[in-house]
Amino acid sequence: MAESAEAARTPHRLARRRSPVSEEEAGRRREGQTEHLGQQAMDLSRFYAGKIETVPKVPVRSMHDFSIWYTPGVAEVSRAIHRDPELAFELTGRWNTVAILTDGSRVLGLGDIGPRAALPVMEGKALLFKFLGGVDAIPVPIQVKSPDEFLSTAEALAPAFGGINLEDIASPKCFAILQELSKRLEIPVWHDDQLGTAAATVAGMLNALHVTGRELKGARTVLFGSGAANIATARLLLSMGQDPAKLTLVDHKGILHAEREDVDELSVRHPWKYRLALQTNGGGRSGQLPQAVEEADVLVAASTSVPGTIRPEHIRAMAPHPIVFALANPLPEIWPDAAKAAGAAIVATGRSDFPNQVNNSLVFPAVFRGVLDARARSMPDEIVIAAARELARGAERKGVNAHHILPTMEEMEVFPTMAAAVADTAVSLGIARRKHTHEEFLERAQHLMARSPRLVRALAQAHLTAPMPRGPIGDRRSV
Amino acid sequence: MKAGAPSPAEETGPPVHLRPAREADIPAVVPLVLRLKRLNEEFDPLLKVRDDAEPHAAEILRAHVADPKAVLLVAEGRGPDRDKIVGFVRAVVRERPFYTPQNEGVILEIYLLPLYRRHGAGEYLLRETSAALKAKGAGVVTAEFPAQNEIAVRFYAKRGFRPATSIHARPL
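Everything numeric in this text was worked out from a predicted model, so none of it was measured.

Criteria and thresholds
Residues numbered from 1 in each chain as written. Chains lettered and ligands numbered in written order. Predicted model: local features only at pLDDT ≥ 70, side-chain atom pairs only at ≥ 80, totals over all residues. Helix = DSSP H or I, 4+ residues; strand = E, 2+ residues; numbered from the N terminus. Rg over C-alpha atoms; globule rule 2.2 N^0.38 Å. Buried ≥ 20, exposed ≤ 12 C-beta atoms within 10 Å, placed from the backbone. Contact = placed C-beta atoms within 7 Å. Axes fitted to C-alpha atoms, helices over the stretch in contact; angles between N-to-C directions. Parallel < 35°, antiparallel > 145°, perpendicular 65-115°, else oblique. Left-handed = near helix turned anticlockwise from the far one by under 90°. Nonpolar A, V, L, I, M, F, W, Y, C, P; charged D, E, K, R; others polar. Expected span 1.5 Å × (residues − 1). Core = buried A, V, L, I, M, F, W, Y, C linked by C-beta atoms within 7 Å. Pairing = 2+ DSSP bridges.

Novice: Would you mind going over the overall build of chain B with me for this structure?
Specialist: What chain B contains, in helices and strands, is 4 helices and 5 strands. Along chain B, from the amino end to the carboxyl end, the secondary structure elements read β-α-α-β-β-β-α-β-α. The C-alpha radius of gyration of chain B comes to 17 Å, within 12% of the 16 Å expected for a compact globule of 172 residues. Within chain B, the fraction of its 172 residues that count as buried is 29%. Long-range pairs, those at least 24 residues apart, make up 65% of the contacts in chain B with a sequence separation of at least 6.

Novice: What exactly am I supposed to notice about the packing of helix α9 (residues 192-211) of chain A against helix α17 (residues 381-398) of chain A here?
Specialist: When two helices pack together, their arrangement is captured by the angle between the axes and the distance separating the axes. Residue and element names in this part refer to chain A. Taken N-terminus to C-terminus, the directions of α9 and α17 make an angle of 45°; their axes are 8 Å apart at the nearest point. In terms of orientation, α9 and α17 fall into the oblique class. Taken as a pair, α9 and α17 cross one another with a handedness that is right-handed. For the pair α9 and α17, the contacting residues are Leu 195, Ala 199, Ala 200, Val 202, Ala 203, Leu 206 and Asn 207 in the first and Val 384, Ala 387, Ala 388, Leu 391, Ala 392, Ala 395 and Glu 396 in the second. Looking at the contact of α9 with α17 residue by residue, the class counts come to 12 nonpolar, 1 polar and 1 charged.

Novice: It is not clear to me how helix α18 (residues 414-428) of chain A should be interpreted in this structure. Could you clarify?
Specialist: Each full turn of the α-helix corresponds to 3.6 residues, which orients residues three or four apart in the same direction. All names here are of chain A. Between its terminal C-alpha atoms α18 stretches 21 Å, which fits the 21 Å expected from 15 residues at 1.5 Å a residue. When you tally the buried positions in α18, you get 13 out of 15 residues, the bulk of the element. Within two residues after α18, Gly 430 carries a phi angle of roughly 75°, on the positive side.

Novice: Can you walk me through the nonpolar core in this structure?
Specialist: Where a protein is soluble and globular, its nonpolar side chains tend to be buried together. Counting 129 residues, the largest nonpolar core has Ile 164, Leu 299, Ala 387, Leu 391 and Val 422 of chain A as its most contacted members. When residues of this core are assigned to their parent elements, the largest contribution, 10 residues, is made by α9 of chain A. With 34 residues, the next largest nonpolar core counts Ile 26, Ala 57, Val 86 and Ile 110 of chain B among its residues.

Novice: Would you take a moment to explain helix α8 (residues 173-184) of chain A for this structure?
Specialist: Residue and element names in this part refer to chain A. Here α8 contains 12 residues, and its C-alpha end-to-end distance of 16 Å stays within 8% of the 16 Å for a straight helix at 1.5 Å per residue. Those residues of α8 not exposed but buried are Cys 174, Phe 175, Ile 177, Leu 178, Leu 181 and Ser 182. Close packing links the buried residues of α8 with α7 (147-157), β3 (163-166), β4 (189-191), α9, α10 (228-239) and α12 (271-279).

Novice: Explain the pairing of strand β2 (residues 70-77) of chain B to me, please; I cannot follow it from the model alone.
Specialist: For a regular strand, the rule is simple: side chains alternate between the two faces of the sheet. Pairing of strand β1 (residues 16-20) of chain B with β2 of chain B involves 5 bridges; the strand directions are antiparallel. Bridge pairing links His 17 of chain B to Glu 76 of chain B in β2 of chain B.

Novice: I would appreciate a short explanation of unusual backbone geometry in the present structure.
Specialist: Leaving glycine out, the prevailing phi sign among residues is negative, and the prevailing peptide bond configuration is trans. Residue and element names in this part refer to chain A. Geometrically, the link from Thr 71 to Pro 72 is a cis peptide bond, its omega value of 10° lying close to zero. The phi dihedral of Asn 281 falls on the positive side, at around 60°, and the residue is not glycine. Counting through the fold element by element, Asn 281 comes out in the loop between α12 and α13 (289-293). Exposure remark for Asn 281: the 24 C-beta atoms within 10 Å place this residue in the buried category. Positioned with a positive phi, Arg 375 is a non-glycine residue whose angle comes to about 50°. Examined against the element boundaries, Arg 375 turns out to sit in the loop between α16 (364-373) and α17. With 23 C-beta atoms counted inside 10 Å, the residue Arg 375 sits in the buried group.

Novice: Please explain the interface of chain A and chain B as it appears in this structure.
Specialist: Taken residue by residue, the interface counts 18 residues in chain A and 12 residues in chain B. Every element with two or more residues in the side of chain A that touches chain B is listed here: α8, α11 (263-269) and α12 of chain A. The leading source of residues in the side of chain A that touches chain B is α11 of chain A, at 6 residues. Residue classes in the side of chain A that touches chain B are distributed as 7 nonpolar, 4 polar and 7 charged.

Novice: Would you explain the sheet that holds β3 of chain A in this entry?
Specialist: In sheet architecture, strand pairing relies on hydrogen bonds along the backbone and comes in two forms, parallel and antiparallel. Residue and element names in this part refer to chain A. Here 4 strands make up an open sheet; going across it, the order is β2-β1-β3-β4 and the pairing parallel. Only two strands of the sheet have a single partner each, and these edge strands are β2 (136-141) and β4. Across the sheet, the mean angle from the axis of one strand to that of its neighbour is 25°, orientation sign disregarded. Note that β3 and β4 share 3 bridges and pair parallel. Directly across from Leu 166, in β4, lies its bridge partner His 191. Contacts between α8 and the sheet are confined to β3 and β4, with β4 contributing the most and set at about 165° to the helix.

So, to be careful, I would describe these as geometric facts and stop short of saying anything about function.
Structure representation (structure tokens):
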């Protein structure tokens, strides 16, 4: 162990010689920054007391208008929906409203902190939904324990929503909940920790393979860590043409394979992983990460947020010009310069301060914009794959290279095209309640996605949202 | 969501071949017995596997090979896995003093490594085992497994089995 730790440090030393501040050092500084951001978040949360609010979207000229928006006029609208429930998607805001549902069982890296403590995160997510996607998202942390309780609560809430975004639910129950809820509801259900991360990963992989002159079909791929994201990534890759024989998953017990001691246990407790155990690793590899990465073209790690989890010798054992995604947050499994020093041709992380950020915020706003505009009935993998492919194309339009395999969050023009691709896919799969042309979907998405930043600016200019306070906040309040 | 079963390989019959076990097979069968017992452990805390389960498995298998009233079959792979033992069945014929048919063939353990399941493998094991039990005089065949093992419940129900005797437990 001491020897490998020593080996892990070597490239960092090299890096230090190359640049005055190593990424490791920079990483430490960023941890300090994170602490500072935490304090700011505390102060500003106290000041603003919540991040979103509901705002009317209709004019109110006088009190008389309430007899239209509310009783007695509204009764006619209710009668119409009672006769034809589908009209709810036309006559109310249901079409653009999403529930952010969580039981708080796995919040960020904080673990099972429960629904109350999950609320600030869900509010932040709702803000992103609105700002990036023009989607009205409602944080709904629920106090439930069992998956059955979760499911019946979600079912009970569904009539108000055009889609469900599952958030921060522990694995493996998140798989069962997503799968079962998708079956029961007539609206799209998404679990961002699975699908958002997987779609961004797959998009980045497609371009990374392209830049290094490879194709997915022939690629030997290793997924290190088999939580929500990598299990979903595996499934997407397989349906996109990844050869199952050349796909190997590795978890904390080592290489996942059909004869591993715990495989029967998996069949009972984690059937998703069990199926992958039977399907993948055609060469019959066994052992740990070093055995898995031999001659691999791609390594996607979504495992432990400790630099040095992937060691330079792992990368050196891979095929020439390997692709390395170190996606653990906040700290990647290996610093990018260490990975590069060991020979990685392309490195991606989950962080915005390095090139090639694999970020689910690149995906979920556009996916929801698309399915909501098409009033989709479900969220099949074809939709996720369409979003991933369009995200990859978005980067391509700007030119792809080792430092640009994915659009950055600043390249926002990709979002409406992703939304339109998603809506098109919903139409072609026959799950769209609303069938428009590509141009119509695109225009709609562009309009709705551009509207939110304008709205936020307008509210600030009209002093309806308080400006960010300067200096100590103390007991001040925004409202 | 598409999270169905992996696409089945071409239907080419069961990927295993059954034959009566020999004493020499026992070392290869013991780990399979332990896998089955550990699977059972998943269903019920009262089925927690003992630390000394391994030597007991070997002992029981040896006694079983020698017992004329017992059936011990091993499943070998096909093709490149021809010489590999990938599953087994242990069954016994018990006399029923009060009921008729007089002899009951009891399937005590049935296990296949996951890669060798499906494609009619389970069906084949059950058919061969039933035939072997019938040849030893059994007029009825039963199977024992943890009550919570719903996969087993469905497997047998599909093949005409129904709950006959219930064994209920509570810790003391």
